[in-house]
Amino acid sequence: MSQPISAATRGAMNARVGLGAVTVVAVVSALTLTHFVHSRVRSVAPTPLDSAPQIATLKATTERPVVHEAALRALGKRIFFDQNLSEPAGTSCASCHDPAHGFAGNNGSKFGVAQGSRAGHFAARNTPSVMYLKYARRFHLHWEEDAPVVDAYGGFFWDGRVDDLADVPKQPLLNPDEMNNANVSELAHKIAKSEYAEELTRELGSLADPDQAVRAVGEALAAYLTSPELAPFSSKYDRYIRHEADLSAQEARGLRLFKDSAKGGCSECHKLNDTIPSPERSLFTDYGFDAVGVPRNRKLPVSADPAHFDLGLCARPNPRFHSEAPEFCGAFRTPSLRNVALRESFMHNGAFSSLRDVVAFYASRSVTPNRWYHGPQFDDLPKQYRQNVNIDKAPYNRHIGDKPALNEHEIDDVVVFLGTLTDASLP
Ligand code: HEC
Ligand code: HEC
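Residues numbered from 1 in each chain as written. Chains lettered and ligands numbered in written order. Predicted model: local features only at pLDDT ≥ 70, side-chain atom pairs only at ≥ 80, totals over all residues.

(A) Up close: the overall build of the protein. Helix and strand content of the protein: 13 helices and seven strands. The 427 residues of the protein split such that 45% are buried. Pairs at least 24 residues apart make up 70% of the contacts formed inside the protein by residues separated by at least 6 positions. (Helix = DSSP H or I, 4+ residues; strand = E, 2+ residues; numbered from the N terminus. Buried ≥ 20, exposed ≤ 12 C-beta atoms within 10 Å, placed from the backbone. Contact = placed C-beta atoms within 7 Å.)

(B) Summary view of the site of ligand 1. Taken together, 25 residues lie near ligand 1, and Cys93, Cys96, Phe157, Trp158 and Pro172 sit nearest. Elements represented by at least two residues in the shell around ligand 1 include exactly helix 5 (93-96), helix 6 (170-174) and helix 9 (210-225). Examining the composition of the shell around ligand 1, we find that three residues originate from one element, helix 5, more than from any other. Here the residues of the shell around ligand 1 are counted per class, giving 17 nonpolar, six polar and two charged. (Near = placed C-beta within 6 Å. Nonpolar A, V, L, I, M, F, W, Y, C, P; charged D, E, K, R; others polar.)

(C) Molecular detail of the site of ligand 2. Not every one of the 25 residues close to ligand 2 is listed here, only the nearest: Cys266, Cys269, Phe346, Met347 and His348. It is helix 12 (residues 355-364) that contributes the most residues to the shell around ligand 2, four residues altogether. For the shell around ligand 2, the residue count by class is 16 nonpolar, six polar and three charged.

(D) Focus on the nonpolar core. Among the nonpolar cores identified, the biggest contains 95 residues, and Val217, Ala220, Leu221, Leu225, Val359 and Val414 are the most heavily contacted of them. Ranked by residue count, the leading element in this core is helix 9, at 10 residues. Val217 has contacts with Ile79, Pro169 and Ile191, leaving out every residue within four places of it along the chain. (Core = buried A, V, L, I, M, F, W, Y, C linked by C-beta atoms within 7 Å.)

(E) Main features of the environment of Phe378. Inspection of the secondary structure assignment puts Phe378 in the loop between helix 12 and helix 13 (408-418). Separated by 82 residues in sequence, Phe378 and Arg296 have C-alpha atoms that sit 7.9 Å apart.

(F) Structural detail: the packing of helix 11 (residues 249-259) against helix 13. For the pair helix 11 and helix 13, interaxial distance at closest approach is 7 Å and the crossing angle is 100°. One finds that helix 11 runs roughly perpendicular with respect to helix 13. Each of Gln250, Glu251, Arg253, Gly254, Leu255, Leu257 and Phe258 in helix 11 lies in contact with helix 13, whose residues at this interface are Glu410, Asp413, Val414, Val416 and Phe417. Among the residues forming the contact of helix 11 with helix 13, the class breakdown is six nonpolar, two polar and four charged. (Axes fitted to C-alpha atoms, helices over the stretch in contact; angles between N-to-C directions. Parallel < 35°, antiparallel > 145°, perpendicular 65-115°, else oblique.)

(G) Structural view of unusual backbone geometry. For the bond from Glu87 to Pro88, the omega torsion is -5°, close enough to zero to count as cis. Checked against the element boundaries, Pro88 lands in the loop between helix 4 (69-80) and helix 5. Along the chain, Ala394 connects to Pro395 via a cis peptide bond; the corresponding omega equals 5°. Of note, Pro395 is situated in the loop between helix 12 and helix 13. Unusually for a residue other than glycine, Phe103 sits at a positive phi of about 65°. Mapped onto the secondary structure, Phe103 falls in the loop between helix 5 and strand 4 (140-142). Even without being a glycine, Asn339 presents a positive backbone phi close to 65°.

(H) Structural view of the packing of helix 4 against helix 8 (residues 197-204). Across the interface, helix 4 lies against helix 8 with an axial gap of 11 Å and an inter-helix angle of 145°. Crossing hand, helix 4 versus helix 8: left-handed. Taken together, the residues of helix 8 that come into contact with helix 4 (itself represented by Ala71, Leu72 and Leu75) are Glu199, Leu200 and Glu203. For the contact of helix 4 with helix 8, the class distribution of residues is four nonpolar, no polar and two charged. (Left-handed = near helix turned anticlockwise from the far one by under 90°.)

(I) Quick peek at the environment of Phe417. As for its position among the elements, Phe417 is in helix 13. Phe417 sits in the buried class, given 27 other C-beta atoms within 10 Å. C-alpha of Phe417 to C-alpha of Leu255: the two residues are 162 residues apart in sequence and 5.9 Å apart in space. Sequence-distant contacts of Phe417, defined by excluding residues within four places in its chain, comprise Glu251, Gly254, Leu255 and Phe258.

(J) Here's a closer look at helix 7 (residues 184-193). Turning to helix 7, its buried residues are Leu187, Ala188 and Ile191. On an axial view of helix 7, the arc spanned by its buried residues comes to 100°, and they lie on one face. Across from the buried face of helix 7, at angles greater than 90 degrees, the exposed residues are Ser185 and Lys193. Among the structural elements, helix 6, helix 8 and helix 9 are those in contact with the buried residues of helix 7. (Arc of directions from axis to C-beta.)

Treat this as a map of the structure, not an account of what it does.
Take a look at the structure:
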């Protein structure tokens, strides 16, 4: 595991991907993470611009052919709101991914994770928004020349475990705590009985094979989720960067604090570019993974078991990229903050139900830990992984007794700024 990578391997494996402000120097594929973590190879030379063999594999996996795109999107939208695909009927994708909550939500549950189609059954994690997924990229590892360890990016779900958006829907559809279909055949039977079965067949071929039927539903849903309707860029912030609106004084202060690397430091991960009128450069995430040290959500039924922990990235199953290194335990994918003010609960475990609390947590997590942790600091991780929690930069780099990264007024300013990320109209 400790031999350095040969120049030839490097040439074949690295790609430079233009991402505007973010320059990816080395994209590591097919190598095990442990290779990097243990050998700390530091001398990967920048890849020449003209050798970018992997661009195709790194492009958003959400791009699809345009042939019947409009029909497929409309079909996907009908399926997204169809309550007949759950067992028992009554729960649609939109029950949890509710447009009124920025396509997130808890389907009536109050403690941070969504209720499934059966009473007393709850999803394992908080529902993420499904907006702006068009811009998400495949899971990959990235190693910056001067960084001590490799970084992980992308993929769908809080742990990035799925790369193909059309493969995502079958997980909630078959999850006993979500839409609860017993198996693919039961689900395919429901699809065959649906009002859109004929249209689905016309667009995507025969539904006779159950796997094919489920795949067709996935394709249609993916077409809807990547449509412009789900990435409207119609917030006040978007109008501001297009020079169509001004921020209030408080919103502008919040934006400054959000970007200030000595204060909020938020844009380090929740990326934005407010100097160009291209809102797709301001997705408020870099799809990177980080261990934020979110407090344990003691309201979750699973929390009653002191041995139960959600380890995130290091528990992500995937034979192609080994992300099971202990350094990755506790890391979750950075969510976009677009429409965050519409959410009912926050963080992967839904530990917070107020946006102001989230910002206050960032500001004072390390200064007044007792305010946030009803147990040891970073209590939602087993002891041996607590060292993975980010304590390096603002807002995390404080100690007990220091001044918080943001004072009470500044917290309010950031919260008000986050309100400018709400889209004007949601379907
Ligand atoms: C009971 C609530 C619930 C229902 C119903 C539900 N989801 Fe989800 N959805 C979730 C949760 C929870 C996650 C995060 C799971 C994880 O990270 O392990 C999620 C994640 C996702 C993601 C990944 C988003 C991202 O940012 O990576 C997509 C896409 C998605 N769901 C689409 C759908 C579709 C399409 C349907 C309908 C077929 C659906 N969901 C039904 C709760 C639900
Ligand atoms: C080093 C990267 C990083 C920095 C810096 C950072 N965040 Fe985050 N943020 C994350 C990650 C990762 C999560 C998800 C953590 C989890 O659920 O365990 C998150 C979650 C959130 C959420 C919850 C969103 C949701 O959908 O549940 C909010 C709100 C948020 N961050 C705001 C901020 C603000 C405000 C700042 C600055 C004060 C900030 N973040 C700084 C990485 C970061």
